[in-house]
Amino acid sequence: MVRKAVIPAAGLGTRFLPATKAVPKEMLPIVDRPLLQYVVEEAVAAGITDILLVTRQGKELLEDHFDRAYELEARLQDKGKTSLLKSTRTLPGGVTLFSVRQGEPLGLGHAVLQARNFVGDEPFAVLLPDEVFLSERPCLGGLIETYRELGGPVVGVQEVPPEEVSRYGIVDGEEISPGLYRVRGLVEKPPVDAAPSRWAIIGRYIITPDIFPLLAGTRPGAGGEIQLTDGLAALASRRAVYAAVTEGRRFDAGNTLGFLEATLAFALARPDLRPGVLKIIEREIGALSEEAAPTSGERG
Ligand code: UTP
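Caption draft 1: Broad picture of the layout of surface pockets. Considered as a void within the structure, the largest pocket measures approximately 980 Å³ in volume. Arg-15, Lys-25, Asp-130, Lys-189 and Glu-225 are the residues nearest the centre of the largest pocket, which is lined by 37 residues in total. Elements with a minimum of two residues in the lining of the largest pocket: α5 (108–113), β11 (199–207) and α9 (228–236). Counting residues per element, the lining of the largest pocket draws most heavily on β11, which supplies 3 residues.

Caption draft 2: Representation of the packing of aromatic side chains. Scanning the entire structure with this criterion turns up 6 aromatic pairs. Judged by centre distance (5.4 Å) and plane angle (70 degrees), the rings of Phe-16 and Phe-259 are edge-to-face. Linking Phe-16 in the loop between β1 (4–8) and β2 (29–30) with Phe-259 in helix α10 (residues 256–268), this pair joins segments that are 243 residues apart in sequence. Ring centres of Phe-251 and Phe-266 lie 5.8 Å apart, and the angle between their planes is 65 degrees; on these two criteria the pair is classed as edge-to-face. Here the residue Phe-251 occupies a position in strand β13 (residues 249–252), and Phe-266 occupies one in helix α10, the gap between them amounting to 15 residues. With respect to burial, Phe-251 and Phe-266 carry one shared label: buried. The ring of Phe-118 carries Lys-4 above its face, with NZ or CZ at 5.3 Å from the centroid.

Caption draft 3: Inspection of the side chain of Thr-229 at higher detail. Relative to the elements of secondary structure, Thr-229 occurs in helix α9. Given the relative accessible area of 3%, Thr-229 is considered buried. Among all residues touching Thr-229, those that are not within four sequence positions of it are Gly-169, Leu-186, Val-187, Glu-188 and Ile-201.

Caption draft 4: Seen up close, the pattern of salt bridges. According to the stated counting rule, one finds 19 salt bridges in the structure shown. Of the charged contacts in the structure, one is a salt bridge between Asp-252 and Arg-167, with a shortest N-O distance of 3.4 Å. Placement of the pair is Asp-252 in strand β13 and Arg-167 in the loop between β8 (154–159) and β9 (169–177), with a sequence separation of 85 residues. Relative accessible area serves as the criterion here: at 14%, Asp-252 is assigned to the buried category. Notably, a salt bridge pairs Arg-239 with Asp-210, separated by 2.9 Å at the nearest N-O pair. Taken together, the residues span a long stretch of sequence, with Arg-239 in the loop between α9 and β12 (242–245) and Asp-210 in the loop between β11 and α8 (211–216) at a distance of 29 residues. Taking relative accessible area as the criterion, Arg-239 reaches 26% and is therefore assigned partly exposed. For Asp-210, a relative accessible area of 33% gives the class partly exposed. A network of salt bridges, in which partner residues are shared, links Asp-32, Arg-33, Glu-41, Arg-270 and Asp-272.

Caption draft 5: Spatial organisation of the site of the ligand. In the vicinity of the ligand lie 18 residues, with Gly-11, Thr-14, Arg-15, Gln-102 and Gly-107 positioned nearest. Measuring from an oxygen atom of the ligand, one finds a backbone N or O atom of Gly-11 at 2.8 Å. Arg-15 places a polar main-chain atom, nitrogen or oxygen, 2.8 Å from an oxygen atom of the ligand. For the ligand, the cavity whose grid points lie within 2 Å of the majority of its atoms is the largest pocket.

Caption draft 6: Molecular detail of unusual backbone geometry. For the bond running from Leu-17 to Pro-18, omega is 5 degrees, close enough to zero to count as cis. Among the secondary structure elements, Pro-18 is positioned in the loop between β1 and β2. Phi at Val-31 is positive, roughly 60 degrees, even though this residue is not glycine. Along the chain, Val-31 turns up in the loop between β2 and β3 (33–34). Judged by its relative accessible area of 29%, Val-31 is partly exposed. For Lys-189, which is not glycine, the phi torsion reads 45 degrees and is therefore positive.

Definitions and limits used
Residues numbered from 1 in each chain as written. Predicted model: local features only at pLDDT ≥ 70, side-chain atom pairs only at ≥ 80, totals over all residues. Heavy atoms only, no water. 1 Å grid on protein atoms, 1.4 Å probe; cavity = no way out; pocket = protein on both sides within 12 Å on 5 of 7 lines; lining within 4 Å. Points joined across faces, edges and corners; volume = space filled by probe spheres on them. Helix = DSSP H or I, 4+ residues; strand = E, 2+ residues; numbered from the N terminus. Phe/Tyr/Trp six-rings, centres within 6.5 Å; stacked < 30°, edge-to-face > 60°. Buried < 20%, exposed > 50% of the residue type's maximum accessible area, 1.4 Å probe, protein only. Lys NZ or Arg CZ within 6 Å of the ring centre and 35° of its normal. Contact = heavy atoms within 4.5 Å. Salt bridge = Lys/Arg side-chain N within 4 Å of Asp/Glu carboxyl O. Near = heavy atom within 4 Å. Polar contact = N/O pair within 3.5 Å; in protein donor to acceptor, adjacent residues only side chain to side chain. Sits in = over half its atoms within 2 Å of the grid points.

Printed below as a string of structure tokens:
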């Protein structure tokens, strides 16, 4: 059973400044719910019951979002606004949220290391909150199934275009069945000509607790940060680690263009918003082509 999940959310979110000066990146909304809520919902849908948020000073809002809001609830109840009332209950029953501080943002590997006591001796999931998925079934659910079948750590991967390879952890693996690889090595943010493949780690992992001593000994790598990818590479040299191609459309909402793409795709996926959004898109395209069309005075 994989019951526990770790959500690292202690980063600085510099790519979204100034928005993230006072508001955590994980609280930026896609349509009408913050990024963090999507990953919590994905984890819960995959059977996770205990969630650890790795946060830092100034990110108290992340916990507040999953707390009960009694005054608001009472007001909505009085007004009979039951569907809004339901929407404020952001943490499903039976799920417990924990949090731990990462004193300094020393990297994703260091953030995951803060989960050592929470995890104990169980396998656990890691979900990065700036990656969101549109898929029939939760992305994490598929990885948990693979873990159950193989009994070893599994990283979710998707193929990325060459120009994006240097933004991701990249897997070197041997295909053992369609869409499933045994990992030979992992490298964080390689230049495209040195990358072993185009299989990028997509921010969803099932990891075993034997990673912790390895993470504790991991030196800063790419970008001067303690990288989870380097800890996993050390793990892969000691035991079988797998990479599974994940289903569904993935959005890297950690950069502005990816965030906008996710916003559009999630809005278009909502039957109540789709017609309105399509109209807006048509209008904007119309305005652009009017701008681009030469006026009669400019012709000839
Ligand atoms: P990112 O590098 O994408 O996020 O880390 P960031 O550092 O917040 O954003 P930029 O790069 O400055 O714009 C991926 C995830 O790992 C967490 C981040 O919060 C994010 O969810 N993280 C990263 C930590 O929790 N601690 C760290 O030291 C670094």
